[in-house]
Amino acid sequence: MSVPPTRHRTVTVRGHEISYREAGPADAPALLLLHGFPTSSRMFRDLIPLLAGDYRLIAPDHLGFGRSAAPSAAEFDYTFAELAALTGEFTEAIGLKRFALYIQDYGSPIGLRLALAHPERITAIISQNGNAYEEGLGAEAWAPVLALIENRTPETEEPVRGIRSLDGIRWQYETGVPAEYLDLLDPDSWHHDAALMAREGQDEIQLGLIADYGSNFALYPAFQEYFRTSRVPLLAVWGEGDQVFVPAGAEAFRRDLPDAEIHLLPTGHFALETHAPRIAALIGDFLKRRAGE
């Protein structure tokens, strides 16, 4: 059976060009794939072909990331509230009415804010190292970020800048990945991300978003209340070696969603780099069982 091709498309939202990948039948159940920092829809390049036979896959580049427009921080208010609102408008612009969410890293607060605003649109959630609990925050990795959130000064900004350097990005890809899987990592991934993070204007864009991350902590109780009241079906497929969002964040979902399915995989923050076939199989099984209930 042939694999449906992945199409690379753009749509204009609020005057900004949003780039996205799309594959699968237009009338199939939809899955909205929301990437994290510092990557783009490219992180889904291996997953999309594995699911496109049964699902409509939509993977946008957030504004300021990937191939989407990157207006300066003076032209656009780079906050998670604004990115979530823009993502909602993006779904409306392409006619996406009901969908499951795949959330990772930054994609988690963006997607969960969208779920709070439009719970009727969300059919299920797949969280791949997409955090919604304080216990999911790795202490060492978050220390410089929390210092910036508490008090943004030139002194607190400087350590955070290293997170989007080539070495900082490579650390995110390699840390927590067992030795037997390291050669599955594509070095093009961190070089690609680092090149985009080095573009003019990215310093203020990314520092602004990192400084705003505390607004997501303030919404954790609302996210958790949404889980309890909606009983949304949730699958967590989590790289257990991740030091940014640690496995306790995956296990915490069961506190509010006792039927949540939790799978800890022997990999790191970017689990799709090493375990895309396994994750695709877990997603397919999860969504088909939910559809049959």
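The sections below set out a description of the structure shown in this document. (Residues numbered from 1 in each chain as written. Predicted model: local features only at pLDDT ≥ 70, side-chain atom pairs only at ≥ 80, totals over all residues. Heavy atoms only, no water.)

## Details of the packing of aromatic side chains
At step 1: With the rule as written, the count across this model stands at 21 aromatic pairs.
At step 2: With a centroid separation of 5.8 Å and 50 degrees between ring planes, the pair formed by Y226 and F227 is classed as tilted. In this pair, the class of Y226 matches that of F227, namely buried.
At step 3: Members of the aromatic cluster, connected to one another through ring pairs, are F37, F65, F80, Y106, W142, Y213, F217, Y220, F223 and F245. (Phe/Tyr/Trp six-rings, centres within 6.5 Å; stacked < 30°, edge-to-face > 60°. Buried < 20%, exposed > 50% of the residue type's maximum accessible area, 1.4 Å probe, protein only.)

## A word on the nonpolar core
At step 1: Within the largest apolar cluster, 67 residues are counted, with the highest numbers of intra-cluster contacts made by L32, F90, I125, F227 and F253.
At step 2: Those residues in contact with I125 that sit more than four places away from it in its chain are L101, I103, L112, Y226, F227, V232, P233, L234, L235 and F286. (Core = buried A, V, L, I, M, F, W, Y, C linked by side-chain atoms within 4.5 Å. Contact = heavy atoms within 4.5 Å.)

## Observations concerning the packing of helix α3 (residues 107-117) against helix α9 (residues 214-230)
At step 1: Remark: α3 packs on α9, axes separated minimally by 10 Å, with the N-to-C direction vectors making an angle of 50 degrees. Here α3 lies oblique to α9, going by the angle between them. Along this stretch, α3 crosses α9, giving a crossing that reads as left-handed. Here P109, L112, R113, A115 and L116 of α3 come into contact with α9, specifically with S215, N216, L219, A222, F223, Y226 and F227.
At step 2: When the residues that make up the contact of α3 with α9 are grouped by side-chain class, the tally is 9 nonpolar, 2 polar and 1 charged. (Axes fitted to C-alpha atoms, helices over the stretch in contact; angles between N-to-C directions. Helix = DSSP H or I, 4+ residues; strand = E, 2+ residues; numbered from the N terminus. Parallel < 35°, antiparallel > 145°, perpendicular 65-115°, else oblique. Left-handed = near helix turned anticlockwise from the far one by under 90°. Nonpolar A, V, L, I, M, F, W, Y, C, P; charged D, E, K, R; others polar.)

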